[in-house]
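So you can see what is in the structure, the chains are spelled out below.
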Amino acid sequence: MPVDKDTMIEAIDVNKEYRRAGAIIRALADVNLTIKSGDFVLVQGPTGCGKSTLLNVLSGIDLPDSGKIIFDGENIARAQEARLSKLRRQKIGFVFQDFNLIPTLTAIENVAALLWPTVLRDKEIENRAIAALRDVNLLERKDHYPVQMSGGEKQRCGLARAIIHRPRVILADEPTGNLDPESEKQVMDLLKHINKDMETTIIVVTHRGSLASYANKIVKMEKGAIIKIQ
Amino acid sequence: MMVLREKKQFTVFCLMYTFLIFWTSYSIELVIKTQSLWFANTSFFIALFIGIFLSLLYAWLIVKRNSKTIATLKCIGWTNKDINSLISGFILFTTFMGFFIIVEVLFHYVAFLGYFYATNPTVFGTPYYIENLALVNLLPVFVTFTIFLFFQILAILLANRKILKVRPIIALKKVGA
């Protein structure tokens, strides 16, 4: 199937089921979605509607039961773990709701950790980490441990980690779920800034309707299916 | 660097390894000197049993306690091989530190006794020999260290198996969910 040159991610007839306590839960039901390069996509819906599952299969963290995920021209629905790791390292940045910073590492080390297994020299990795921290206005906190940072700062550190390798796509699962309104605005403004300046595709999963103004595409989900794209 | 910052876990296991390496070395020393063969053999095998149990426990604990970190590293693009290298480093570094501590302590023990004997010849009256001052000689320590390295290989294999089972999706699970 020919893929549009501007298409970043395409989900074709994707299905995913979970078995929980003996019951089968259909997390994704015949999902079809096209995300173009440079899009800022918001995936919204009530709890348990399958939005996080969609994010997981789009990034190769979870595999669909059936269907295709075309990521930058490559079907990753049946890819091996080593291939998926390489893809995530090169093209995907992750932002987590719980920040997922390593508590024993400082801010700069947390950011640099993504590049440690690469062939880059230590100085180059440090320079990139400093640049990423500067991009999210957190350079003055580079030697602080996560426990010494506020929620907003931790999330900005997570954002710096997500952009250190200049990914094509940033996937954020409820990135403002644990933040106060002021920090939420800072993080979303930064994501918008990254989207515009670096032309990075952003996919944000959230249940907050107030973030709609940041997106140019809103995907609404219910019971594992996409009910509306606007 | 990461292992050193896991202060509590690192210190506890490092001290336990130090004690076990000393215990096993001392048992081997007793076997060599055949002062009490039955006691020495029993002591040696008990130390070995505890050593292997401790090594496997340490590997299991590292993966268990850091499963969310491992899942996060997988999410951001670390391969299983990268994570295996990191955890192997954790395990080996702790054993090496235990070994260096015990060698240092034994050297200082001999140095202290040697100095004490040399500066107080009238107290003891009899000539002394360095090899008689040593609590444990270096050979048993190196033999013990080799045995413990073998245990660590088993521990690394266990850790590798457990790392493979950590799914990156764990990183996305909400706290309390």
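A brief report on the enclosed structure follows. Keep in mind that what you see is a predicted model, and the values were worked out from it rather than measured.

Focus on the sheet that holds strand β3 (residues 40-44) of chain A
As a general point, the strands of a sheet are linked pairwise by backbone hydrogen bonds and lie either parallel or antiparallel. Residue and element names in this part refer to chain A. Strand order in the open sheet formed by six strands is β6-β7-β8-β3-β9-β10, and the pairing between neighbours is mixed. Each of the sheet's edge strands pairs with one partner strand only, and the pair in question is β6 (92-95) and β10 (225-229). Across the sheet, the axes of successive neighbouring strands diverge by a mean angle of 20 degrees, strand direction being ignored. With four bridges joining them, strand β9 (residues 217-222) and β10 adopt antiparallel strand pairing. Following the sheet pairing, E222 is matched in β10 by A225. Most of the contacts of helix α1 (residues 51-59) go to strand β8 (residues 201-206), to which it runs at about 150 degrees, and overall it touches β3, β6, β7 (169-173), β8 and β9.

Quick notes on helix α4 (residues 122-135) of chain A
Owing to its 3.6 residues per turn, the α-helix aligns residues three or four sequence positions apart on the same side. All names here are of chain A. Its 14 residues give α4 an end-to-end C-alpha distance of 20 Å, which sits within 8% of 20 Å, the value for a rise of 1.5 Å per residue. Considered for burial, the residues of α4 that qualify are I125, A129, I130, A132 and L133. Each buried residue of α4 lies within a common arc of 165 degrees when the element is viewed along its axis, so the set occupies one face. Where α4 is buried, its residues touch α3 (107-112) and α5 (151-163). Looking one or two residues past α4, N137 carries a phi angle of roughly 55 degrees, positive in sign.

Describing the packing of aromatic side chains
By convention here, two paired aromatic rings are described through the distance between centres and the angle between planes. Residues and elements named next belong to chain B. Counted by the stated rule, this structure contains 14 aromatic pairs over all chains. Both rings, one in F13 and one in Y58, keep their centres 4.3 Å apart while their planes meet at 25 degrees; by these two values the pair is stacked. Highlighted residues: F13 in helix α2 (residues 7-33) and Y58 in helix α3 (residues 37-65), separated in sequence by 45 residues. Note on Y58: relative accessible area 1%, which makes it buried. Note on F96 and F145: the rings are 5.2 Å apart at their centroids and 70 degrees apart in plane angle, and the pair reads as edge-to-face. Linking F96 in helix α5 (residues 80-119) with F145 in helix α8 (residues 138-165), this pair joins segments that are 49 residues apart in sequence. The structure contains a cluster of three or more aromatic residues connected by ring pairs, namely F13, Y17, Y58, F148 and F151.

Digging into the side chain of S59 of chain A
Residues and elements named next belong to chain A. Looking at the element boundaries, S59 is found in helix α1. Within the structure, the side chain of S59 is placed 3.0 Å from the backbone oxygen of N56, a separation counted as a polar contact. The residues touching S59, leaving out its near neighbours within four places in the chain, are I76, R88, I92, F94 and L171.

A short note on the side chain of T106 of chain A
Turning to its location among the elements, T106 of chain A is positioned in the loop between β6 and α3. Residue T106 of chain A is classed as buried on the basis of its relative accessible area, which comes to 7%. Beyond its immediate sequence surroundings of up to four residues, T106 of chain A is in contact with K142, D143, H144 and Y145 of chain A together with R5 of chain B.

Quick look at the interface of chain A and chain B
Facing 27 residues of chain A, the contacting portion of chain B comprises 24 residues. Residue D62 of chain A pairs with R167 of chain B through a salt bridge whose shortest N-O separation is 3.6 Å. Within the residue set of the side of chain A that touches chain B, elements represented by two or more residues are α1 and α2 (81-91) of chain A. Looking at the side of chain A that touches chain B element by element, the count peaks at four residues for α2 of chain A.

Criteria and cut-off values
- Residues numbered from 1 in each chain as written.
- Chains lettered and ligands numbered in written order.
- Predicted model: local features only at pLDDT ≥ 70, side-chain atom pairs only at ≥ 80, totals over all residues.
- Heavy atoms only, no water.
- Pairing = 2+ DSSP bridges.
- Helix = DSSP H or I, 4+ residues; strand = E, 2+ residues; numbered from the N terminus.
- Axes fitted to C-alpha atoms, helices over the stretch in contact; angles between N-to-C directions.
- Contact = heavy atoms within 4.5 Å.
- Expected span 1.5 Å × (residues − 1).
- Buried < 20%, exposed > 50% of the residue type's maximum accessible area, 1.4 Å probe, protein only.
- Arc of directions from axis to C-beta.
- Phe/Tyr/Trp six-rings, centres within 6.5 Å; stacked < 30°, edge-to-face > 60°.
- Polar contact = N/O pair within 3.5 Å; in protein donor to acceptor, adjacent residues only side chain to side chain.
- Salt bridge = Lys/Arg side-chain N within 4 Å of Asp/Glu carboxyl O.

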